[in-house]
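# Structure assessment
Letter by letter, the chains look like this.
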Amino acid sequence: MSETTSAMPRIHVLDPRLANQIAAGEVVERPASVTKELIENAIDAGSQRIEVDIEAGGARLIKVRDDGVGIGEQDLPLALARHATSKIDSLEDLEGVSSLGFRGEALASISSVSRLELISNAADDPRQGWRVVAEGRGMETRVTPAPHPRGTSVAVRDLFFNTPARRKFLRTEKTEFAHVEEAFRRQALSRYDIAWTLRHNQKVVHQLPASHSSSASERRIASLLGNNFIEHARYIEREAGALRLSGWVGLPTHSRAQADQQYFFVNGRVVRDRLVAHAVRQAYRDVLYNGRHPVFVLYLTLDPDVVDVNVHPTKHEVRFRDGRMVHDFLYSSLHHSLADARPNDGDTPEVAASEPATAEEAPADTARWQQQGMALAPSSDRHPGGERVRRFMQGYQALHPDHEETLLTPQTGASHKASDEAHGAVREAPVAMPEADPASAPPLGFALGQLHGVYILAQNVHGLILVDMHAAHERIVYERMKTQLAATRGIDTQPLLVPVSLAASHAEVATVESERDAIAKLGVELDVAGPETLLVRQLPAMLAQADPEALVREMLEELARFGRTHQVEARIHELLSTMACHGSVRANRRLTLDEMNALLRDMERTERSDQCNHGRPTWTQMDMNALDRLFMRGK
Ligand code: ADP
Ligand code: MG
């Protein structure tokens, strides 16, 4: 208050418009948030076609038109009232809510900060229909006849015209539209069975027909996220109990510098959840180049009453009743599908993958579709060779110094052992060159020779294979070490000669107390030595050289936040990875054809062998068509 007054002003009830404007502060941040709310309503109305029209980035107009159930005349005034919804009735309904909306606030909030007009018709007769607007401080509604086909159109004009402070925060038309488009993209990725249109200033930006087949869904993804995304992604589908995960995960070699192309849907609702993000990051840890971000479009479905969607006004976050279970499920599903990244017969040569799909579309399981709004596609692997070669060659120059450096690092005792093993591996029993039966040839074919001591050239059914021999061998040795470690002794432990004492927060101490078992299983012994002191008594033997404080703190933080920690495993794997690197065949080592073939066969058997331990590709295919194009044969 600007003036000094002796008494507080009297308490009074805010007029409805002001109350709604205050509420709008939470959900109506910019045109994109309005777009999101209107689209959610259209989806909840069971629409099959949704059209979005934007003018001037949404500052002048945001219009969403649908062919859903519509709103009857007598309900129209309520649609714009606060705390009025048709979606839930009771607290029980809220707990198992499956609609996107339920707060009954969006239309009231939006219409308090814009000129909102809603026209709807709940009947099949297109001559019927009503228009409603809310006016004045009291937001009294006025309903007048307005013909409209069955469904609803909501037009929001001049957003924030009466709240100048908010309007000032609007950015350029281009920026605002980019946000609107992103909101649209998320929704269009959530329901393939709906046909979508997005226009900006009367120009069509996206036109997406309803999709009932895997190839149509992949076309939609390609038009929303780019061909590159879908060409370098594989489809996955996993189920465990009532949990189901499906969608597309980018191959690790197709990572991005920003965490932008990451879409995660929980029961059809797009969320940005830290638990989910953590599980995904852990799953990619072993195969992703440092500092890069994976791309994915994933759909998790689970029983609506084990997830609380009412934790955030814009519902971008959710809370899982059993976060640990969800974390484990996500981690293991993704970890498994990424482990499968190795050369196999399912590989599609480059041309097939990059040409537009012409094959007959698979019949759709429409009922399941509409229920879950997600794609049913066969699992597929892709190695579009030409593109990979180009990117790889470009990237190689930049990465080469690192490559050399790891080769030149002096070996430790431990890595000597690995090195012997490794060399043994490539000296395995000779593999005969095939007779002229290409069909029975293995995926990576047979070695032709070595290029500058760095690459193996091989011939398979499709054409030429190029293998980075050091990178490939490094992965093989690493995976073998991990398997051996897991199989033989689990985690050896070693008491610290002098226990390390740590100043800890109350929260950290509480985590130690509640997660005793989980911590012990990791080979770590932690004692509570006081209300703010922890004592590290023992660590896994392999981590004897680790910084106990950093390890323990990160472990406890993960345990507290996600109920799971991969810190111990991550550090052991890091160590193995370094050892594997030292133990792998070096560049410039001359291999015999038998040794090269043995390496190719090892790659085919080894999980994750498409990438080296640092996430770089280990091999690529140049098929005959790509080579023919290179030499302009048959043109
Ligand atoms: P909520 O979605 O949380 O219920 P809203 O303020 O977004 O709250 O919408 C209020 C009500 O108006 C909804 O519950 C629904 O009954 C009705 N409604 C809004 N948009 C539409 C639409 N496009 N089609 C049919 N009904 C709608
Ligand atoms: Mg709503």
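Here's what I pulled together on the structure shown here. (Residues numbered from 1 in each chain as written. Chains lettered and ligands numbered in written order. Predicted model: local features only at pLDDT ≥ 70, side-chain atom pairs only at ≥ 80, totals over all residues. Heavy atoms only, no water.)

Quick look at the sheet that holds strand S11 (residues 262-266) now. The strand order S9-S10-S13-S11-S12 describes an open sheet built from five strands, whose pairing is mixed. At either end of the open sheet lies a strand with only one pairing partner, and these are strand S9 (233-240) and strand S12 (269-270). Pairing of S11 with strand S13 (residues 296-301), which is carried by five bridges, proceeds in the parallel orientation. Paired with Phe265 across the bridge in S13 is Tyr299. (Pairing = 2+ DSSP bridges. Helix = DSSP H or I, 4+ residues; strand = E, 2+ residues; numbered from the N terminus.)

Pairing analysis gives three bridges linking strand S3 (residues 115-121) to strand S4 (residues 130-135), with the strands arranged antiparallel. Bridging across to S4, Leu118 finds its partner in Val132. With six bridges connecting them, S4 and strand S5 (residues 140-145) associate as antiparallel partners. Its bridge partner lying in S5, Arg131 is registered against Thr144. Between S4 and S5, which pair antiparallel and follow one another directly, the connecting turn spans four residues, one of which, Gly136, has a positive phi of 75 degrees.

It is the contact of helix H17 (residues 506-514) with helix H19 (residues 548-562), at a shortest axis distance of 10 Å, that shows an interaxial angle of 75 degrees. Regarding the angle of H17 to H19, the classification is roughly perpendicular. Across the interface between the two elements, Glu508, Thr511 and Val512 from H17 touch Arg553, Leu556, Leu559 and Ala560 from H19. Partitioned by chemical class, the residues of the contact of H17 with H19 number four nonpolar, one polar and two charged. (Axes fitted to C-alpha atoms, helices over the stretch in contact; angles between N-to-C directions. Parallel < 35°, antiparallel > 145°, perpendicular 65-115°, else oblique. Contact = heavy atoms within 4.5 Å. Nonpolar A, V, L, I, M, F, W, Y, C, P; charged D, E, K, R; others polar.)

Strand pairing in a sheet relies on backbone hydrogen bonds, with the paired strands running either antiparallel or parallel. Pairing is mixed across the open sheet formed by eight strands, whose spatial order is S5-S4-S3-S6-S2-S1-S7-S8. Here the strands that pair on one side only, and so sit at the sheet edges, are S5 and strand S8 (203-208). Looking at each pair of strands side by side, their axes are set apart by 15 degrees on average, direction ignored. Relative to strand S7 (residues 195-200), strand S1 (residues 49-55) is paired through six bridges, and the arrangement is parallel. In the strand pairing of S7, Val52 is matched with Leu198. Contacts between helix H7 (residues 173-190) and the sheet are confined to S1, S7 and S8, with S7 contributing the most and set at about 180 degrees to the helix.

Attention now moves to the environment of His293. Secondary-structure assignment places His293 in the loop between helix H10 (274-284) and S13. A relative accessible area of 28% places His293 in the partly exposed class. Distance in space between the C-alpha atoms of His293 and Gln261 is 8.8 Å, their sequence separation being 32 residues. The contacts of His293, once residues within four sequence positions are left out, are Ser255, Arg256, Ala257, Gln258, Ala259, Gln262 and Leu288. (Buried < 20%, exposed > 50% of the residue type's maximum accessible area, 1.4 Å probe, protein only.)

Burial analysis of strand S10 (residues 243-250) places eight of its eight residues in the buried class, which makes it a mostly covered element. Neither face of S10 is exposed, since Leu243, Leu245, Gly247 and Val249 on one face and Arg244, Ser246, Trp248 and Gly250 on the opposite face are all buried. Here eight bridges tie S9 to S10, and the two strands are oriented antiparallel to one another. Paired with Arg234 across the two strands is Val249, which belongs to S10.

The next thing to look at is the site of ligand 1. Neighbouring residues of ligand 1: 19 residues in total, closest Asn41, Thr85, Ser86, Lys87 and Gly104. Between Arg103 and ligand 1, the recorded distance is 3.0 Å, taken from a backbone N or O atom to an oxygen atom. Counting only elements with at least two residues in the shell around ligand 1, the list comes to helix H2 (31-44) and helix H5 (106-112). (Near = heavy atom within 4 Å. Polar contact = N/O pair within 3.5 Å; in protein donor to acceptor, adjacent residues only side chain to side chain.)

We now examine unusual backbone geometry. At Ala56, a position not held by glycine, the phi torsion is positive, near 50 degrees. Structurally, Ala56 is set in the loop between S1 and strand S2 (61-66). Look at Ala56 and you get buried, because its relative accessible area is 16%. With a phi angle near 45 degrees, Asn201 is a residue other than glycine that sits in the positive phi range. Among the structural elements, Asn201 can be located in the loop between S7 and S8. What makes Asn201 partly exposed here is its relative accessible area of 30%.

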